[in-house]
Amino acid sequence: TQPVDLLFENIPIEEGTPTSIQYIYQDKIGYLWFATWSGLYKYDGYNFTSYKNDVEDTTSLFDNTLSTVYEDKEGIIWIGSRLGLERFDPKSETFIHYTPNPLDTGDNKSNQIWAINEDKNGMILIGTGNGMYNFDKASKKFTSIKFAGANLSDTIQYTIHAFYADKKGSLWVGTDKGLHRFDLETAHFDTTVEFIPEKLNKYHSEHGKLLKFWNFTSTGYPQEVSGVNEQINSILGDEDGIIWLGTNEGLVEFNPQTGTYTNYLFNFTLPVNRNTAICKDVITGSIWLATIDGLYSFDKKLKKFTHYNSTANCVYSERSRTFWIATNTDIKKLNRTRQPFRKYTIGEATHATINGRDGVVWVLTFKQWLKFDTYKDKFVPYSFGKDFLWYVWPPIGGYMSIRGEKTGLRVLDTLGNVIFSLDPSYYDYINSLSIGCNTKDEFWVGSENGDVDLWDHKTNRVVGVKNFKRRISWVYKDSFGLLWIPCFKGNLYCYNRDGDKYIEFFYNPGSPISLSGNIVNEMYEDSKGRLWFGTNNGLNRFDRSTNTFTYFGEKNGFPTNGIHGILEDDHGYLWILTTKGITKFNPEKNNLRNYDASYGLEPSADVVTGTGCKTRNGEMFFPGAKGFTRFHPDRIRDNPFIPPIVITSFKKFDEPIPFSNLSRLGQSKSGEIHLPYDENFLSFEFAALSYLSNERNQYAYMMEGLDKDWVLSGTRRFASYPNLDPGEYVFRVKGSNNDGVWNEVGTSISIIISPPWWKTTWAYILYSLLILSIIYTTWKMQVKRIRISHEYEMTKFEAEKLHEVDEIKSRFFANISHEFRTPLTLIIGPVKQIIERTKEDRTRDDLKVVHKNANRLLGLVNQLLDISKLESGKMKLQATKRNIVSLLKSLTMSFTSYAERKRITLKFNSSENEIIAYIDKDKIEKIIINVLSNAFKFTPEGGRIEVTIKCQAELVSASSLKQEIPKPTQIPKQACLTARQVRDDFKSVRNDK
């Protein structure tokens, strides 16, 4: 038989396609992995990620020649290569290389890995070109596993090509010497024995367990010395417990329970029927085979092979129900899901379809009527007569109409019988007719001049009913007896013939309850009496109670607003023909599903009207741009596969960084990324790992902390967020498969954008402390200011009080001084007189002393009076020219008797006899007397007081003066106090000057 063609989709990998793809594997997440002779490739349905050897990167692949891929329970990917075992960690995207036998420097068979599996203890079992090894992931050590019954001294091992672990704990091993079973429970390896029925019971009794069998002669070909006929390349187990073996001599069906097997050859013309890989078709249950003769499928029930026109190295059927083959040059994908819609191409646009009888559907084009037999699935010939058919009418309520130059107009039923006709004498009228509608007893039509007419069945006459003065597109009669009449320029009339009343509806862009389009393409009444209007600007549902319309269009999920056809299925769903496909609409919930050309639809973009039909068995027919589409609504089922959602890449600004490589992004824990504040322009790429028509996969995403709701992105798989503020975010994404089945859980990743240092918590703590410090310092300064102000006020108050006291004292002293002056004056006067009268010298001397001291006392009293003058600022200096030497000498010598009594030496020194100066004699006397009084007061007995007068020119230098001035420790405390008092007296004099 000739090979069957399959419509494969080529999946380009990259420039320089791998020389050979050896193995296909789908991991637990849903990624597809391709082991090739030029590296490892991961595929998410949209893009490939390649992993190859890099001589400068020790964490890259050790060798690019790969043969198999396996994922263990921990999610670690293990790759078998020409030079050993590769361990790939998806989180860090790094490889670690392990060599089973470093001592193998010959043909390297023991390091060539063909198969990988894992036992219940997490040990990795690998099949090599020189036997089987056990790899301990903890110790990183390999242990060679010998075949039971083999000579321990025999170093020859079998080449292992395939593993299959069944549900009973057995690992079936395909080698170049047949099939073996490895007991995963007891870790025991059984030998392969030839199937000889009479030896079967003996073997069971000896070993107590089921073994593996292989018959070399079953194929009809002699056994080769090399043992190639017994080589097993792949193993597949099915749900019935049958094990299928892909060998060098065809496909073998092996039953482990009975120990029986059957060999099937896919090509009897070839001396070798070599299988390279086998897999199960998840849809049909058949077996796919990659062979040296091309691609085959095997029907397990019919035991029949089908040959396809394609080469294949390996085959794989993944979870979302697509089939993959790999060749020496490329990768191909096959959609095994049967298309729900069937399109029929006739080479011209169809206008309408009408349901006939006995499985016939009439198809109207703009040129002719076609008769389609649904049972035979083909068009059948027919004839309306010999008249030249120059124009064809659309159907009138399920009837067909034709007209010709000689026959006039005929209306026929779906069997082709003429119901009524108008002869050529109605030529002008017939030419002006538009489409109409038919009921059991009536035919309504509209004309170009605005007439709505009724054709009477009994009289075969045309009766005029109403003229709307506008060109009528067509007429529709609903179940209430109302006529709905759309006009060519947009007006829609609802006419009630009983009351000869009508309501006019028209498109009003400013009103949401008006008709949404100015051209009505279709009118339809559903099983619940609801009227639906398909316009060039959306679908409209009419509310009879309010005479308003509800609009549905692109905003509700329709692929376009151009509505051309409406049909209702047996479950109440509306199937709506649009210019971009067919939409299934639920009128109760107002939700919908869109189907486009990728589902097998006939394109309908060129359709002007789309009157479809529904057959008695529920099938629907819709016209299209080049033919028509046929489908049964009940056979359209959504793909139930819920796709895993993954974030495939992450970008900072324009720098693409693999999302799985989180360790390079500052990942602190799984699913969390830390970024600095200046790396806040983020974008993501994501994918739903459903490979079945993945171009229709839908997506929605949301950035928690920024977006308030999900962002529906349709088929767009990208999201960008520029200039994110520092903070914590969670990016979430969910998606659907090709039929809109959503993975609502989706996936997410936490993103923490650190603030700049001046916006960190520590910075705000510092700011707070600084503000508190400023507040505290300000408060302290304010308190201090208040305290100082208070102290100042208190000092001022005290000064004022002291001043008042001083004034009181001054007044007191002034008053008492006046009282003292009078008796002193009375004393001085008589004393003076007594001195003048006394002749006795001694008495006179004593009286002189009395007189002198009385004068001094009077002077002191006068000084008390001077205080008030000083305070009032009325005292002024009375400077006169005097000899200061004589003045100071007389003042000094006045203390002679006082000095004698205290035994103090008093001496007056002057370099000049006369020094003239302008002085206030009274003030000088007061100062000198005060100074001398203090000197005598604080000078002990036996002391010495000298008064020296020198001119300015005779003053000594500062250095010699320092030597003459006694140190502070040599001056008595009282003398120091006296000096300060003298200084203060001089200051008072200076200030008063």
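Undergrad: Provide a residue-level description of the overall build of the protein, including the pertinent values.
TA: Along the backbone of the protein there are nine helices and 71 strands. Out of the 993 residues in the protein, the part that is buried amounts to 46%. Within the protein, contacts between residues at least 6 apart in sequence are counted, and of these 52% link residues at least 24 apart. Carbon together with sulfur atoms contributes 53% to the accessible area of the protein, which is approximately 52,600 Å² in total.

Undergrad: Hey, could you go over a nonpolar patch on the surface for me, with residue numbers and the actual values?
TA: Residues Tyr677, Trp757, Trp758, Trp762, Tyr764, Ile765, Leu766, Tyr767, Leu769, Ile771, Leu772 and Ile775 make up a contiguous nonpolar surface patch of roughly 1,300 Å² in combined accessible area. For leucine 772, the location among the structural elements is in helix α3 (residues 761-837).

Undergrad: Would you mind going over the pairing of strand β12 (residues 131-136) in detail, with residue names and values included?
TA: The element β12 is extensively covered by neighbouring structure, given that five of its six residues are classed as buried. In this sheet, β12 lies alongside strand β11 (residues 124-128) in antiparallel orientation, the contact comprising five bridges. Paired with threonine 128 across the bridge in β12 is glycine 131. Adjacent in sequence and paired antiparallel, β11 and β12 are bridged by two residues. Pairing between β12 and strand β13 (residues 141-145): five bridges, direction antiparallel. By the bridge assignment, methionine 132 is partnered in β13 with isoleucine 145. Where β12 folds back onto β13 in an antiparallel hairpin, the turn is made up of four residues, including lysine 140, whose phi is positive at roughly 60°.

Undergrad: I'd like a description of the sheet that holds strand β4 (residues 39-43), backed by residues and values.
TA: Taken in spatial order, the four strands line up as β2-β3-β4-β5 in an open sheet, and their pairing is antiparallel. Edge positions in the sheet fall to β2 (21-26) and β5 (48-51), since each has one partner strand and no second. For this sheet, the mean inter-axis angle between neighbouring strands, taken without regard to orientation, is 20°. In terms of strand pairing, strand β3 (residues 32-36) meets β4 through five bridges, oriented antiparallel. The residue bridging tryptophan 33 from the neighbouring strand is lysine 42, located in β4.

Undergrad: Can you tell me about the confidence of the model for the protein, naming the residues and giving the values?
TA: Of all residues in the protein, 81% have pLDDT values of 70 or greater, and the mean over the chain is 81. Segment residues 388-392 is flagged for pLDDT under 50; beyond a separation of four residues in sequence, or across chains, it makes 16 contacts in the model. Contacts of residues 954-980 to residues separated by more than four positions or lying in other chains number eleven contacts, the stretch itself having pLDDT below 50.

Undergrad: Any details on the packing of aromatic side chains? Residues and values, ideally.
TA: Evaluation of the coordinates by the stated rule reveals 72 aromatic pairs. Plain terms: the ring middles of tryptophan 757 and tryptophan 758 are 5.7 Å apart, the flat faces sit at 90° to each other, and that makes the pair edge-to-face. Since its relative accessible area comes to 64%, tryptophan 757 is described here as exposed. Accessibility expressed as a relative area gives 36% for tryptophan 758, which makes it partly exposed. Grouping aromatic residues by their ring pairs yields a cluster made of Phe650, Phe684, Phe686, Tyr699, Tyr701, Tyr721 and Phe731.

Undergrad: Please give an account of unusual backbone geometry that cites residues and values.
TA: With a phi close to 75°, arginine 321 is a non-glycine residue in the positive phi region. Following the sequence through the fold, arginine 321 ends up in the loop between β28 (314-317) and β29 (322-326). A positive phi angle, close to 55°, is found at aspartate 377, a residue other than glycine. Within the secondary structure, aspartate 377 sits in the loop between β34 (369-373) and β35 (378-379). By relative accessible area, which is 26% here, aspartate 377 ends up partly exposed.

Undergrad: Please provide a residue-by-residue account of the pattern of salt bridges, values included.
TA: On inspection of all chains with the given rule, the structure shows 34 salt bridges. In this structure, the salt-bridge partner of lysine 801 is glutamate 804, at a minimum N-O distance of 3.9 Å. You can see lysine 801 and its partner glutamate 804 sitting in helix α3, three residues apart, about one turn around the helix. Taking the relative accessible area as the measure of exposure, lysine 801 reaches 37% and is therefore partly exposed. What you see here is one network of salt bridges that share partners, running through Asp72, Glu74, Glu118 and Lys137.

What counts and what doesn't
Residues numbered from 1 in each chain as written. Predicted model: local features only at pLDDT ≥ 70, side-chain atom pairs only at ≥ 80, totals over all residues. Heavy atoms only, no water. Helix = DSSP H or I, 4+ residues; strand = E, 2+ residues; numbered from the N terminus. Buried < 20%, exposed > 50% of the residue type's maximum accessible area, 1.4 Å probe, protein only. Contact = heavy atoms within 4.5 Å. Areas by Shrake-Rupley, 256 points an atom, 1.4 Å probe, with all protein chains shown as cover. Patch = residues over 30% accessible without salt bridge, like charges linked within 9 Å, V, L, I, M, F, W, Y side chains within 5 Å. Salt bridge = Lys/Arg side-chain N within 4 Å of Asp/Glu carboxyl O. Pairing = 2+ DSSP bridges. Axes fitted to C-alpha atoms, helices over the stretch in contact; angles between N-to-C directions. pLDDT = per-residue confidence, 0-100. Phe/Tyr/Trp six-rings, centres within 6.5 Å; stacked < 30°, edge-to-face > 60°.

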